[in-house]
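Results of the structural survey
Now for the letters of each chain:
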Amino acid sequence: MDQAPRQDPPAAAAAAGVLPRAIRSFVRREGRITLAQEDALQRLWPRYGVEPGGAPLVPAALFGRRAPLAVEIGFGSGDHLLASALARPDTDFLGIEVHRPGVGRVLQQLEQLDLGNVRVLCADAVEVLRELLPPGEADEVVIFFPDPWPKTRHHKRRLIQPEFARTLARALRPGGRLRLATDWADYARQMLEVMSAEPLFANAAAAGGAIPRPADRPLTRFESRGLRLGHQVSDFEFIRRSP
Ligand SMILES: C[S@@+](CC[C@H](N)C(=O)[O-])C[C@H]1O[C@@H](n2cnc3c(N)ncnc32)[C@H](O)[C@@H]1O
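Residues numbered from 1 in each chain as written. Predicted model: local features only at pLDDT ≥ 70, side-chain atom pairs only at ≥ 80, totals over all residues. Heavy atoms only, no water.

1. Observations regarding the overall build of the protein chain
- Broken down by element type, the protein chain carries nine helices and seven strands.
- Whereas a compact globule of 243 residues would reach a radius of gyration of roughly 18 Å, the protein chain reaches 17 Å, a difference of no more than 12%.
- Based on the C-alpha atoms only, the size of the protein chain along its principal axes is roughly 55 × 40 × 40 Å.
- The buried share of the protein chain, taken over its 243 residues, is 46%. (Helix = DSSP H or I, 4+ residues; strand = E, 2+ residues; numbered from the N terminus. Rg over C-alpha atoms; globule rule 2.2 N^0.38 Å. Buried < 20%, exposed > 50% of the residue type's maximum accessible area, 1.4 Å probe, protein only.)

2. Observations concerning the side chain of Arg240
- As for its position among the elements, Arg240 is in strand β7 (residues 234-240).
- Here Arg240 sits buried without a salt bridge, and the closest side chain of opposite charge, Glu198, lies 7.4 Å off (N-O distance).
- A polar contact of 2.5 Å, which involves the side chain of Arg240, links it to the backbone oxygen of Ala169.
- Residues within four places of Arg240 in sequence aside, it is in contact with Ala169, Leu172, Arg173, Pro174, Gly175, Gly176, Leu200 and Phe201. (Lys, Arg positive; Asp, Glu negative; His and termini not counted. Salt bridge = Lys/Arg side-chain N within 4 Å of Asp/Glu carboxyl O. Polar contact = N/O pair within 3.5 Å; in protein donor to acceptor, adjacent residues only side chain to side chain. Contact = heavy atoms within 4.5 Å.)

3. Remarks on the nonpolar core
- Among the nonpolar cores identified, the biggest contains 37 residues, and Val71, Ile73, Leu129, Ile143, Ile160, Leu168 and Leu178 are the most heavily contacted of them.
- When contributions to this core are tallied by element, the ones reaching two or more residues are β1 (69-73), β2 (92-96), α6 (125-132), β4 (138-144), α7 (162-171), β5 (172-182), α8 (185-197) and β7. (Core = buried A, V, L, I, M, F, W, Y, C linked by side-chain atoms within 4.5 Å.)

Next comes the structure, spelled out in structure tokens:
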């Protein structure tokens, strides 16, 4: 097993000159990490992990081929990321998640499923999209159930904000799609308001609101909890316009 000392990936990012942000969409609480997840992080990181350095990411070099690129932000336990990668072998998937146990779990599954079309970054997706992913590189960006930050004083931590909408527009190629889901009515309203105000996106729903639940979105722990609490789930899809 590779016993090289492991530097916390975000610390490595900071050392590499990625600018710190004042307000983040997450609080780094590691929680419980299993031995198997820790082992996967040590052993499989060289195969599937991407260290954010100062240089732009080159997807063709990361995946060893040129293929459509889907980026999933905050993939959690990875249910959607893994199911999509299995179902769409001709697409490459870049998963970005700050929670190390989730990343460890996905690495274990990637090995078991022997998937070659997934790479994982353990870093702040806002910084990755803003500073490391070249413009127009993504064909699809997925953000399912971003942390809702329900208290008003925490709304500034929500991912979907006007500035990040512009960052998402920069990352997507014209015609590329942004997929969002949330079980917080108030965040659904914010998503719709922010994305509708960004001229570089068009709502894929003819009526300008939510879309029906996509068949390929698996039920995750977060969604199940929302449904148990009686929350209504909203799905959105926005298409990147040509400038
Ligand atoms: C509520 S969970 C949803 C997880 C998963 N998408 C699902 O539907 O089950 C939100 C996830 O986003 C991650 N996250 C929050 N902000 C992030 C950021 N700026 N970059 C990467 N991951 C982030 C959190 O660590 C968490 O795992």
